[in-house]
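These are the residues of each chain, in order.
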Amino acid sequence: MRTIRLYDTATREPRPFEPRDPNAVGIYACGPTVYSRVHVGNARPFVVFSQLKRFLEHEGYGVTLVANITDINDKIYDAARAAGRESADLAREMTAHYIADTERLGLGRPDREPLASEYVEPIISLIGALVERGHAYPADGDVYFRVRTLPEYGSLSRRDVDQMDQGEGVEGAHLKEDPLDFALWKAHKEGEDTSWDSPWGRGRPGWHIECSAMAETLLGLEFEIHGGGIDLVFPHHENEVAQTLAGRGRPLARMWMHNGMLEAAEGEKMAKSVGNIRGLAEVLDEVGGETLVLYFSTGHYRQPLMFTPESLEAAGNAARRLREAGRRLSAGESPERLAVHRDAFFDALAEDFNTARALPALYEWVGAANKLPEGTGDSHLREMLGVLGLESLLSEEEGPPSEAVELAERRSEARAAKDWAEADRLRDELRELGWEVRDGPQGPELVPAS
Ligand SMILES: [Zn+2]
C-alpha cells in the first residue's frame, strides 16, 4: 500500500492516513442547505470528497461516504414564506433538484445522504446528553451549548474565544448565559410551519447539532475524515467538535479536511450577495459534467479556484483531447513502459490528494501513448480517469439511430396535433428500439430507454 498523507485542519499539517480499520473508512462531508437551487460552488466539496473516496478505494480501502442535506433551516423558512409555500414542500423540491443536478456530474452518489428532518430523534438524544452533563441549558424552550464548560473549545479554528461571534445575531441573545453560547434547539416560533416534540417543548434543531448526530449515527464516533468547505471551519465545524466531545467524551472525527472556495476573479469570492454566483444546472447545461469535473480537478482542493470562462474552456479542450486519445487506444493492458506516468499520477494523489499535480502526469501518459501505434492498451488511462470519475471519456458517444430520431419527430408532431393515441404508439415503437424521449434542459431529447 502507498503511504497517503492528508492535510489535517486540526493540526495544520499533513498527516499520514492511518485508519483504525482499513476496511471501514468513514468520511462525512457537509452538504447544502436546500432553500434554492444549488450553485456551482456547492459542487466542489461534492466532487472533492467523491474523488477522494474513489482514490482511497483504488488504494485498497473500504470507504463509506456520508453527505448530509440540511432541510430544516431559517433560510428555508424565509424562502418558503416569500414563495407562499410550505417549507417542507420547498425543501423536498430543492432536494430533488440537488440530487438531479449533482447526478449530472457523473460521479455517482455518496453512500448515505441523510436529511436533518429524518434524524430528529438522535439529535434530541445528543442534546439530552449535553444537558445532563452540564454542557447545555434549556432557556424558554430553546437549548444552548455552554461554550465555556469545554476547555478544548476553539481548537479546530484556533480562534481566541473572546473574539468569537456565533453569527446568531440578536436571536435568543437575551436567553444566553454568555454571548459565546450557541443554539442546539430552537423553540417553535410563529410563522414556522414545521416543529417536533422534545423534552424542552415543541421546536426544531439548530444547525450544528444535526451533523454531530447524523455523523455519529451513520459512522460511529472517531470516524476517519470529516470534510467540507473552508468557510465551515467556524462556527459550524468548531461546534460539531464541541458537541460530540462534550456529549460523548470522545472526538467526532480523527481528521478534518477543507476545500477552498471558488473565486470569480483573484481574491474575489463567489457569493449570492455579490451577485456573481452561477447555478450548477446552468453551468452543466453549458459545459457538461465531464468538463466541470475536469475543471475542478485542475486545482488543489485546499486552494481557492478561479471560476472563469477561460478556465472552463481550457477544461473542455482537455476533455476533448482525452476523448480523442481514448479513440486511438483499445481495451487491454497498457505497456509497462507507460507505468511510470501512471505511478506519478497516484503518487501525486497520495501527497495530500493533489489532483493539480496528478493531471500533468496523466497528460504525460497520454502524450507517450500517442507516440505508440494505434490500438495500445488503455488500462492505465482507464484506471486514472476512473479515480477522477471521468471514465466516461473512454466510452464512445453513440447517438440514437436515424429511425429513432424519425420516430421521435413523428411523436412530437402527433403530440402537437393532440393525437395522443398515435403519440403513445410511437413511444412504444421507440421503446422497442431501446430509446425514449425525455424532457431535457434544451427541450425533449432521446436517451437510451431505462
Ligand atoms: Zn455540517
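One can find the structure itself at the top, above this paragraph.
These notes cover the structure that comes with them. (Residues numbered from 1 in each chain as written. Predicted model: local features only at pLDDT ≥ 70, side-chain atom pairs only at ≥ 80, totals over all residues. Heavy atoms only, no water.)

## Describing the overall build of the protein chain
The secondary structure content of the protein chain amounts to 13 helices and 17 strands. Rg of the C-alpha trace for the protein chain: 25 Å, near the compact-globule value of 22 Å for 450 residues, within the 12% margin. Its C-alpha atoms give the protein chain principal-axis dimensions of about 70 × 60 × 40 Å. Within the protein chain, the proportion of its 450 residues that are buried is 52%. Taking all contacts inside the protein chain whose residues are at least 6 apart in sequence as the whole, residues at least 24 apart take part in 73%. Looking at charge distribution, the protein chain has the averaged site of its 51 positive side-chain charges lying 2 Å from that of its 78 negative ones. (Helix = DSSP H or I, 4+ residues; strand = E, 2+ residues; numbered from the N terminus. Rg over C-alpha atoms; globule rule 2.2 N^0.38 Å. Buried < 20%, exposed > 50% of the residue type's maximum accessible area, 1.4 Å probe, protein only. Contact = heavy atoms within 4.5 Å. Lys, Arg positive; Asp, Glu negative; His and termini not counted. Charge placed at Lys NZ, Arg CZ, Asp CG, Glu CD.)

## Describing the pattern of salt bridges
This structure, assessed with the given rule, holds 40 salt bridges. Arg-382 is the partner of Asp-378 in a salt bridge, and the nearest nitrogen-oxygen pair spans 3.0 Å. Salt bridges sharing partners connect three or more residues here, namely Asp-74, Glu-171, Lys-186, Lys-189, Glu-192 and Arg-204. (Salt bridge = Lys/Arg side-chain N within 4 Å of Asp/Glu carboxyl O.)

## Some points on the coordination of the zinc ion
Protein-derived coordination of the zinc ion comes from Cys-30 (SG), Cys-211 (SG) and His-236 (NE2), at a distance range of 2.0 to 2.2 Å. In terms of primary sequence, the donors binding the zinc ion are separated according to C-x180-C-x24-H. With Cys-30 in the loop between strand E3 (25-29) and helix H1 (43-58) and His-236 in helix H6 (residues 233-248), this residue pair connects regions lying 206 residues apart in the sequence. Pair check on accessibility: Cys-30 and His-236 agree, each one buried. (Donors = N, O, S within 2.8 Å, 3.2 Å for Na, K, Ca; no water.)

## Description of empty space enclosed by the protein
Any empty space left between the atoms is revealed when a probe the size of a water molecule rolls over them. According to the stated counting rule, one finds one cavity of 30 Å³ or more in the structure shown. Here the largest cavity is characterised by a volume of approximately 60 Å³. In terms of lining, the largest cavity is formed by Arg-44, Val-47, Val-48, Gln-51, Phe-296, Ser-297, Gly-299, His-300, Tyr-301, Phe-353 and Thr-355. The element best represented in the lining of the largest cavity is H1, accounting for four residues. (1 Å grid on protein atoms, 1.4 Å probe; cavity = no way out; pocket = protein on both sides within 12 Å on 5 of 7 lines; lining within 4 Å. Points joined across faces, edges and corners; volume = space filled by probe spheres on them.)

## Examining the sheet that holds strand E12 (residues 268-269)
Read across the open sheet, the three strands follow the order E12-E11-E13; overall the sheet is mixed. Because the sheet does not close on itself, it has two edges, and the strands there are E12 and strand E13 (305-306). In this structure, strand E11 (residues 262-265) lies alongside E13, joined through two bridges in parallel fashion. By the bridge assignment, Glu-263 is partnered in E13 with Met-306. (Pairing = 2+ DSSP bridges.)

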